[in-house]
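Structural characterization, general
The residues making up each chain are set out below.
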2 protein chains.
Amino acid sequence: MQELPVLAIDVGGTKISAAIISNRGQIITKEYYLTQADEGPQPVINRILSAIDGIFSLGNIDSSQLAGISMAAAGIIDSNRGRITFSPNLPGWCDVPLRDIVKEKYLIDTFLLNDASAAALGEHNLGAGKGVDDLILLTVGTGIGGGIIIDGKLYFGSCGSAGEIGHMTIDVNGPMCSCGNDGCLEALASGTAIAREAITRINQGERSALTEIVDGKIEDITAEKVEMAARRGDSLAYEVIFKAANYLGVGMANLVNIFNPEMIIIGGGVANMGDLLLDPARQVVKERAFSLPGEAVRIVPAQLGNDAGLLGAAVFAFQQKLVK
Amino acid sequence: MQELPVLAIDVGGTKISAAIISNRGQIITKEYYLTQADEGPQPVINRILSAIDGIFSLGNIDSSQLAGISMAAAGIIDSNRGRITFSPNLPGWCDVPLRDIVKEKYLIDTFLLNDASAAALGEHNLGAGKGVDDLILLTVGTGIGGGIIIDGKLYFGSCGSAGEIGHMTIDVNGPMCSCGNDGCLEALASGTAIAREAITRINQGERSALTEIVDGKIEDITAEKVEMAARRGDSLAYEVIFKAANYLGVGMANLVNIFNPEMIIIGGGVANMGDLLLDPARQVVKERAFSLPGEAVRIVPAQLGNDAGLLGAAVFAFQQKLVK
C-alpha cells in the first residue's frame, strides 16, 4: 500500500487548483490560482510551477514526502508522451510537454491526464460510480468533456485522448462549435450553448425575465442565470434549458447504444441544474436508445463537485504507482 | 489448448450460414440456408436447428466432437441471458432465448453474440486487426453494425448490447431510420440509404445512367448498382456515394474523438466499393477529428468478407472455453 500522498493539480481555463491528497482520497490542503489562460503557455506553466511551490511551502513538505505529482488538464492529451497537444481552453498550447517540465523540476514521478478523464476516475473510485465497472462521465460546463471507465479502468485509447464526447456531432447542420465543426454536442448542450440560445432569442425580440435579471445587459446572460429565470417560471428560459436537455439526451442515447454502460454520470457546472436538466434528458434516452441498454443505464448526478478532477488525478497516480 | 472445432452459425436477415471451424480459424465445412425472416421467430429457429443438424450429418459428427456451438445474430443481444431482445432484421423476435433453445437440444456449451461484434472479433484475431488492441469494426451493408475491441478483448457493455454504432444520431433532423429515430448513421450511410437517395433524386426528375441499368425499374436500384453507375462515370451516382461517404466520415470522426482507436475496419457489402467510399470518408475524418487521434487512426477495409461473423463466433467460443 502506497502511504505517501499525491500532489494533484487541475489546470482549467479559469483556475488552477492544487491539493495534497492522501491515499484514502482525502484532501489535506487545497489552493486556487487564476489561470489567466489568455497570456499563453509559458506564463501559465510558470503559474503551475508556482502553485506546486506554494503547496510545498503551505504543507511544509517536499518531493521526497510525496508519491508523485499528478496533473489533470483541459485539452487533448497525448498521455504516452505527457503532452497537451491542443486545448480549446488554453489558447496557444500546442504539443506542450507539461509532464516532463514538471518532472524535470521536481524529480518525482509525474502524471498528466485529461481533466474529464480524471473526473471519471474520481467519481468511479470515490463518488457516484463506486463499484460500477462500465460508466461514462460527462462534464457539462462551459464545454462538454467526457471520461470513460471500462472494466473498472480508465479508458485512454491509443494515444490517451479518448473521451472527447463533447465533440460528437449530433446535428451535422447545427451551430458551429469551438472546435470548428458544426453541431457537436458541446455546441448544443453546454452552458455556452444555453446562454447563446437565450441571448439569440432575446435579441430577436422575445420577452424574458432574463432581461431584468441582467439589467438589460443581454450579453451578461449565463447558463446559471437562465436556470434562475426558469425556476422563477420564465418560459423562454425553461424552453432553452429543455432544448439543451433534449440534445444532451440525444448525445446520451448515442452513448447508450454504443457503450451499453451501467451508468452515465453528469457533472460540471450545468449539472447543478439537477432534474430540470436531467429529467427531460433521461426521457429522450428512454425514447431514443434501444430498450435493453436504455433501461439498464442509470443517469445520475456527479457527487464530487469541483474536486472530481483533483481527486481523480490523485487516484490515477496511486494506480500507476501500484502497477510499478 | 482446445483441440475440438466449433460449430458456428451466423443468423442474418437474408441467410443463415453454418460452419465447422477449427481452433486455428480454418473453415472445415460451410453451408448456407435462406432465413426467410418474414415468417417470424419459430420457423427461423427451426431452420437454425436444421442447419445444425445438416452440418452434423454433413461433417458426420455429433456434439461430443465439438468444443461448442456459437451463434452470431443480427440484433440487440442480451448476452448475459443469451437472448435476442430485438432485431430490425428478424421481424417479430422479441426476447427470444436462442442460446438456451440450442443448448437444451444439443446439450453442449452454446454461445450467442451480435453479428457485428463477432465480425470485430474475427477481424481482430484473423483479419485486418491482428495485433491491434483498440479497434472498431463497422459493417456497412443494408444496415450499419458495429463491434468494439478494447484492450484486445471484445467489449460487451453491461448487458452485452454494446456496439450499436449504426444507431448513433449524427443529424438529428435527418431522415428516419429503421429504428424509429431520425438521422442515425445507418439512415445516412448504409446501402439502403445510398439506394434510397439515388431513387429519390431520379424520381425527382434527375438524369442518371442508373435508369438504364435497372431498365427503368427505379425501385430496383441498389447500392451495388449505384456503385456500378459511379464507376461508369455517372455523376448522380458518384454524388450519392460521396454524400454517404461524407456521413460515414462524420460518424467515424465521432468514434475517433470518443475512442481514439488505433484502427477502424470497414466491412459489409457496401465496403466492397473500396476507396470510392473510403477515400472521401477518410478525408472527412482528417478534417473533423482532433488531430492527435485523427492522425493516429488507420481506416482500413475488412479482410474476412462474409466469413467474419462465423469466424468471430468461433473465436468467441474458443476464448470462452479457455476462460473456463
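Residues numbered from 1 in each chain as written. Chains lettered and ligands numbered in written order. Predicted model: local features only at pLDDT ≥ 70, side-chain atom pairs only at ≥ 80, totals over all residues.

Below, the discussion takes up the relation of the copies chain A and chain B. Each copy of the sequence occupies a distinct position, and chain A is placed on chain B by a rotation of 180° and an axial shift of 0.0 Å, giving an RMSD of 0.0 Å. A rotation of that kind, with that shift, is consistent with a two-fold axis. Comparing interface residues between copies, 100% of those in chain A also lie at the interface in chain B; the contact surface is shared. (Least-squares fit on C-alpha atoms with pLDDT ≥ 70 in both. Contact = placed C-beta atoms within 7 Å.)

Let us look at the nonpolar core. Counting residues in hydrophobic clusters, the biggest one holds 235 residues, and the most contacted among them are Met-71, Val-226, Ile-264 and Ala-313 of chain A together with Met-71, Val-226 and Ile-264 of chain B. Leave out the neighbours within four places in its chain, and Met-71 of chain B touches Ile-9, Val-11, Leu-98, Val-102, Phe-111, Leu-112 and Ala-313 of chain B. (Core = buried A, V, L, I, M, F, W, Y, C linked by C-beta atoms within 7 Å. Buried ≥ 20, exposed ≤ 12 C-beta atoms within 10 Å, placed from the backbone.)

Right, let's get into the interface of chain A and chain B. Contacts between chain A and chain B engage 37 residues on the former and 37 residues on the latter. Breaking the side of chain A that touches chain B down by element, the ones donating at least two residues are strand S5 (76-78), strand S6 (83-86), helix H8 (235-259) and helix H10 (291-296) of chain A. Top contributing element to the side of chain A that touches chain B by residue count: H8 of chain A, with five residues. Of the residues that constitute the side of chain A that touches chain B, the class distribution is 18 nonpolar, 13 polar and six charged. (Helix = DSSP H or I, 4+ residues; strand = E, 2+ residues; numbered from the N terminus. Nonpolar A, V, L, I, M, F, W, Y, C, P; charged D, E, K, R; others polar.)

With that settled, the discussion passes to the domain arrangement of chain A. For interface size, the figure often reported is the accessible area lost on association. Residues and elements named next belong to chain A. Domains assigned within chain A are domain 1 (6-115 + 306-323) and domain 2 (128-302). Computed over C-alpha atoms, the centres of domain 1 and domain 2 are 27 Å apart. Taken residue by residue, the interface counts ten residues in domain 1 and twelve residues in domain 2. Partitioning the side of domain 1 that touches domain 2 into residue classes produces four nonpolar, four polar and two charged. (Domains from an automatic or database assignment.)

Turning our eyes to something else, we now look at the environment of Leu-185 of chain A. All names here are of chain A. Considering the arrangement of structural elements, one finds Leu-185 in helix H4 (residues 185-189). Of the residues examined, Leu-185 has 30 C-beta atoms within 10 Å and is grouped as buried. Placed 68 residues apart in sequence, Leu-185 and Ala-253 show a C-alpha to C-alpha distance of 12 Å. Once residues within four sequence positions are removed from consideration, Leu-185 is found in contact with Ile-144, Ile-165, Gly-166, Met-168, Ile-170, Tyr-247 and Gly-251.

Residues and elements named next belong to chain A. By the burial criterion, the buried members of helix H7 (residues 223-231) are Ala-223, Val-226, Glu-227, Ala-229 and Ala-230. For H7, the buried positions fall inside an angular range of 165° around the axis, keeping them on one side. The positive-phi residue at the C-terminal boundary of H7 is Gly-233, with phi of around 95°. (Arc of directions from axis to C-beta.)

Residues and elements named next belong to chain A. Taking strand neighbours across the sheet as the criterion, the five strands line up as S3-S2-S1-S4-S7 in an open arrangement whose pairing is mixed. In this open sheet, the two edge strands, each paired with only one partner strand, are strand S3 (27-34) and strand S7 (110-114). Neighbouring strand axes in the sheet, compared pairwise and without regard to direction, differ in orientation by 15° on average. As paired elements, strand S1 (residues 6-11) and strand S2 (residues 15-21) share six bridges and run antiparallel to each other. Looking at the pairing, Val-11 lines up with Ile-16 of S2. Taken strand by strand, helix H1 (residues 41-59) contacts S1, S2, S3 and strand S4 (68-73), and its axis lies near 145° from that of S3. (Pairing = 2+ DSSP bridges. Axes fitted to C-alpha atoms, helices over the stretch in contact; angles between N-to-C directions.)

Residue and element names in this part refer to chain A. In terms of residue burial, S7 counts as a mostly covered element, since five of its five residues are buried. Bridge count for S4 against S7 is five bridges, and the pairing is parallel. Bridge pairing in S7 places Met-71 opposite Leu-112.

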